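Residue-level listing of the chains:
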Amino acid sequence: MRVLLPALLLTIAAAVPAQTAVPAAQSELEQRVDASIATADLDGWLRRLTSAPNQVGSPHDKENADFIAASLRSWGWQVAVEQTRVLVAYPTVQKLSLLGTDNYAADFSEPPIEGDKDTATRDGVLPGMEAYSADGSVDAPLIFVNEGLSKDYDELARAGQSVEGKVVLVKSTGAGRWVKPRLAQQHGAVGVVIYSDPDADGFTKGDVYPEGAWRTPHTLQRGTLGIDSVLDAKSATTFQANRHTDDLHLPVVTIGYGDAEHFLRALGGSAVPNRWQGGLPLTYHVGGDAKVHLEVRSPWEWRTLYNVIGTLRGSEFPGEWVIRGVHHDAWVFGAWDPLAGTTALLAEARAIGELAKAGHRPRRTLVFASWDGEELGILGSRAWTDRHAAELAHKAVFYLNNDTTGRGFLATAGDPSLASLVDGVAGDLRDPETGATVQARRLAKRAVDAAEKGKDVEGPIVPQRLGTGSDYLPFAHRLGVPSLHVRYGYDRDGDDENVPIYHSLYDTYTHYQRFGDPGLTYVNLLARTNARLVLRVANADVLPWRYTAFALSLGKDIDRLATGAAAEHREAVRRNALLDHDAYRLAAVAYRHEQPPSKLDDAWQDIDLGPLHDAQRDFLTAAEGYDQAASSAGKLTAKQVTAVNKAIRDIAPAFLQASGLPQRPWYRHLLQAPGRREGEDTAPLPGIGDAIEARAWEQAREEVRLTTAATRRATALLKQATQILVIPQP
Ligand SMILES: [Zn+2]
């Protein structure tokens with residue numbers, strides 16, 4: 001048995017398409033970058049950046065922006081600090097208490113933790129809160145609605161209960177927090193309490209801070225209620241007024257599971273359905289007579305965002321921009337989220353700045369961005385991309401993003417055309433824990449994860465397309481720039497939920513050094529990973545995009561869309577048939593007073609995805625041809641390089657719908673958008689999918705035509721690029 005695993009891994013490694021060898025001069029530059037990235041510097045920067053609270057509007061967020069700007073300048077970068085005024089709503093009053101004899105009140109502050117002196121800070125620390133909550137003061141019954149998703153409200157209705165006129169208590173999991181008050185409002189609730197159940201990231205997971213990494217009973221999860229779910233074309237140009245929460249009218253607070261336990265114990269009524277039970281040591285109930293007082297006042301105030309933009313002009317192609325970003329604002333100190341990633345940016349900027357001073361300036365222009373206002377709803381990067389949209393449309397070549405990062409496996413999400421670039425970089429770097437290459441560890445992880453599910457894996461690692469959640473949003477979804485999100489972590493690609501003290505006071509330097517990345521060896525690795533990605537793109541003759549993974553990903557998305565739509569239709573038909581036959585009433589348990597569910601919309605038209613499937617197959621053939629030709633091409637003439645780059649740079653914009661997706665015009669990419677359904681990160685083929693969901697059948701057919709035409713156009717561009725590569729030039 002012992003020989004099997006290595007043999008299997010070799011097979012897996014061989015399935016990855018051959019990399020173009022990195023030119024010797026490039027390898028040498030990368031060695032020099034490695035040599036100038038020192039863990040002691042990273043440590044000093046992380047200490048400094050996390051030494052005081054960093055929310056938008058705080059003095060230290062501004063000090064960090066100034067420090068980052070001054071550092072970049074001293075390393076030879078041209079720096080602009082671009083300011084944007086935004087309306088911010090942090091609460092000045094928050095109350096949540098039981099009404100009656102037990103008038104227990106929730107506490108919105110987090111106690112100090114022994115051994116972590118930062119946690120004793122009170123000056124400038126925001127309480128546990130939801131930014132942009134509406135003002136309000138209500139006395140109303142409290143009702144528990146699990147995660148506060150549509151299916152939970154449906155289940156509640158079937159038990160004959162309603163949230164009309166009540167305050168809902170919901171877990172923080174299952175979907176973005178901005179989803180929860182909006183659904184509660186639709187169902188007639190008058191207030192929302194969001195809490196972190198220990199099942200998600202508390203004692204159920206492991207020892208709590210400071211013994212372990214996990215959430216204590218009084219660790220609070222801050223967040224924003226204003227986010228891209230309500231973006232539209234209008235708000236993109238007027239968001240400086242930042243009324244991206246105008247639709248919310250109820251007060252919302254966040255509490256820890258220590259307080260939640262007290263409120264849950266006060267709830268009477270029937271026991272919750274099994275699937276709603278959480279990790280606290282009591283039987284959860286839906287609610288009866290217990291009433292609460294909930295009050296929030298959040299004055300809207302103007303604050304300034306400081307985006308720090310460092311530019312290093314390219315020596316040969318200054319009009320082509322390689323952009324690399326990470327935000328610098330945090331909810332409190334923000335060591336995990338986002339300042340470890342910000343120290344990596346500093347290390348890269350210094351190393352690359354030193355190379356430039358020594359005469360090795362990158363061939364394309366580098367733009368390094370330290371964004372502000374990400375936590376309030378991706379405000380800084382949206383403001384900057386909006387302001388520079390026209391220039392970015394013809395200059396932006398690539399966007400690389402970091403946010404929360406830890407230790408473990410390289411995890412990426414992004415445009416599948418970048419998969420091969422990532423594989424190449426990961427193959428050249430050593431993992432600090434095992435000494436194996438980062439790529440070997442990634443492949444092993446993928447194989448083991450699949451084996452645990454009884455599956456085999458084959459083919460290249462195809463990054464998942466980007467959804468919502470960080471500063472890549474405007475680059476990927478609005479501008480259509482090939483974008484990549486990179487982090488290290490122990491969990492799976494795209495899963496950010498397991499940062500144990502997410503958005504709390506305890507996201508400190510001490511916590512990070514103990515549990516995030518002790519010794520910062522992975523922050524160091526992250527900086528070297530980013531620097532390679534950035535420099536390989538900046539210095540390439542022909543941009544290192546490859547399209548086999550892209551074509552495979554498109555094929556999978558077509559299947560995912562078709563399967564999803566068919567399943568939705570089947571469910572509606574099935575449920576309605578059962579209702580017609582009175583089956584739900586007969587199957588109900590009498591003493592629980594179960595009500596039948598409501599009818600679903602089963603009006604349906606078939607959307608023929610055949611033409612898109614055909615176009616995808618042709619695209620795959622062309623992609624394999626191009627990837628082969630690009631990886632085996634010898635020395636090209638300058639004319640060839642220019643012509644190939646022009647063709648492949650036209651591929652990404654081919655998938656943009658200029659007028660925006662019909663159901664949400666701020667988003668313009670035919671192949672990717674954040675999920676529309678609650679809890680869904682990405683939506684496959686959102687133009688078509690949104691239209692099907694809206695039962696806009698003609699529009700769905702039109703979106704299929706547009707996506708097919710875009711795929712055909714991309715295929716033609718790939719064939720054109722391949723021709724230039726394979727035909728000897730005079
Ligand atoms: Zn973040």
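Computed from a prediction, not measured in an experiment: that's the story for all the values here. (Residues numbered from 1 in each chain as written. Predicted model: local features only at pLDDT ≥ 70, side-chain atom pairs only at ≥ 80, totals over all residues.)

**Looking at the sheet that holds strand E1 (residues 78-89)**
Line of reasoning, step 1. Strand order in the open sheet formed by 7 strands is E1-E10-E12-E11-E13-E15-E14, with mixed pairing between adjacent strands. Of all the strands in the sheet, just E1 and strand E14 (409-414) have a single pairing partner and so form its edges. Averaged over all pairs of adjacent strands, the angle between strand axes in this sheet comes to 20°, irrespective of strand direction.
Line of reasoning, step 2. In terms of strand pairing, strand E10 (residues 300-312) meets strand E12 (residues 364-371) through 5 bridges, oriented antiparallel. (Pairing = 2+ DSSP bridges. Helix = DSSP H or I, 4+ residues; strand = E, 2+ residues; numbered from the N terminus. Axes fitted to C-alpha atoms, helices over the stretch in contact; angles between N-to-C directions.)

**Some points on the domain arrangement of the protein**
Line of reasoning, step 1. Structurally, the protein comprises domain 1 (20-88 + 302-423 + 467-539), domain 2 (91-297) and domain 3 (548-726).
Line of reasoning, step 2. Between domain 1 and domain 2, the C-alpha centre-to-centre distance is 31 Å.
Line of reasoning, step 3. In this assembly, 33 residues from domain 1 lie in contact with 29 residues from domain 2.
Line of reasoning, step 4. Those elements that provide at least two residues to the side of domain 1 that touches domain 2 are E1, helix H11 (379-387) and helix H16 (509-516).
Line of reasoning, step 5. Sorting elements by how many residues they give to the side of domain 1 that touches domain 2 places E1 first, with 5 residues.
Line of reasoning, step 6. For the side of domain 1 that touches domain 2, the residue count by class is 18 nonpolar, 11 polar and 4 charged. (Domains from an automatic or database assignment. Contact = placed C-beta atoms within 7 Å. Nonpolar A, V, L, I, M, F, W, Y, C, P; charged D, E, K, R; others polar.)

**Observations regarding the sheet that holds strand E6 (residues 191-195)**
Line of reasoning, step 1. Strand order in this open sheet of 6 strands is E2-E9-E4-E5-E6-E8, and the pairing throughout is mixed. The open sheet terminates on both sides in strands that have one partner only, identified here as strand E2 (93-99) and strand E8 (252-255). Taken over all neighbouring pairs, the strand axes of this sheet differ in orientation by 30° on average, direction set aside.
Line of reasoning, step 2. Pairing of strand E5 (residues 167-171) with E6, which is carried by 5 bridges, proceeds in the parallel orientation. If you follow Lys-171 over to E6, its bridge partner there is Tyr-195.

**Some thoughts on the pairing of E5**
Line of reasoning, step 1. Counting buried residues along E5, 5 of its 5 residues qualify, which places the element largely inside the surrounding structure.
Line of reasoning, step 2. Side-chain alternation along E5 places Val-167, Leu-169 and Lys-171 on one buried face and Val-168 and Val-170 on a second face that is also buried.
Line of reasoning, step 3. Summarising the sheet, strand E4 (residues 136-144) and E5 pair through 3 bridges and their orientation is parallel. Across the sheet, Phe-144 pairs through a bridge with Leu-169, a residue of E5.
Line of reasoning, step 4. A crossover links E5 with its parallel partner E6, the connecting element being helix H6 (residues 179-186), and its sense is right-handed. (Buried ≥ 20, exposed ≤ 12 C-beta atoms within 10 Å, placed from the backbone. Right-handed = clockwise from strand over helix to strand, strands pointing away.)

**Description of unusual backbone geometry**
Line of reasoning, step 1. In this structure, Pro-210 follows Tyr-209 across a cis peptide bond, with omega equal to 10°.
Line of reasoning, step 2. As for its position among the elements, Pro-210 is in the loop between helix H7 (198-201) and strand E7 (223-224).
Line of reasoning, step 3. Here the bond from Asp-337 into Pro-338 is cis, since omega is 10°, no more than 30 degrees from zero.
Line of reasoning, step 4. Despite not being glycine, Tyr-132 shows a phi value in the positive range, around 75°.
Line of reasoning, step 5. Within the fold, Tyr-132 resides in the loop between strand E3 (130-131) and E4.
Line of reasoning, step 6. A positive phi is found at Asn-146, a non-glycine position, where the angle reads about 55°.
Line of reasoning, step 7. Within the element layout of this structure, Asn-146 appears in the loop between E4 and helix H5 (150-158).

**What to know about the pairing of E4**
Line of reasoning, step 1. Two elements, E4 and strand E9 (residues 291-297), share 6 bridges in a ladder whose sense is antiparallel. Looking at E9, one finds that Val-138 is bridged to Leu-294.

**Overview of the confidence of the model for the protein**
Line of reasoning, step 1. The share of residues in the protein with pLDDT of 70 or more is 93%, and the mean pLDDT across the chain is 91.
Line of reasoning, step 2. Taken as a whole, residues 228-242 scores under 50 in pLDDT and shows 27 contacts with residues more than four places along the chain or in a different chain.
Line of reasoning, step 3. Scored below 50 in pLDDT, residues 492-497 shows 10 contacts in the model against residues more than four places distant or in partner chains. (pLDDT = per-residue confidence, 0-100.)

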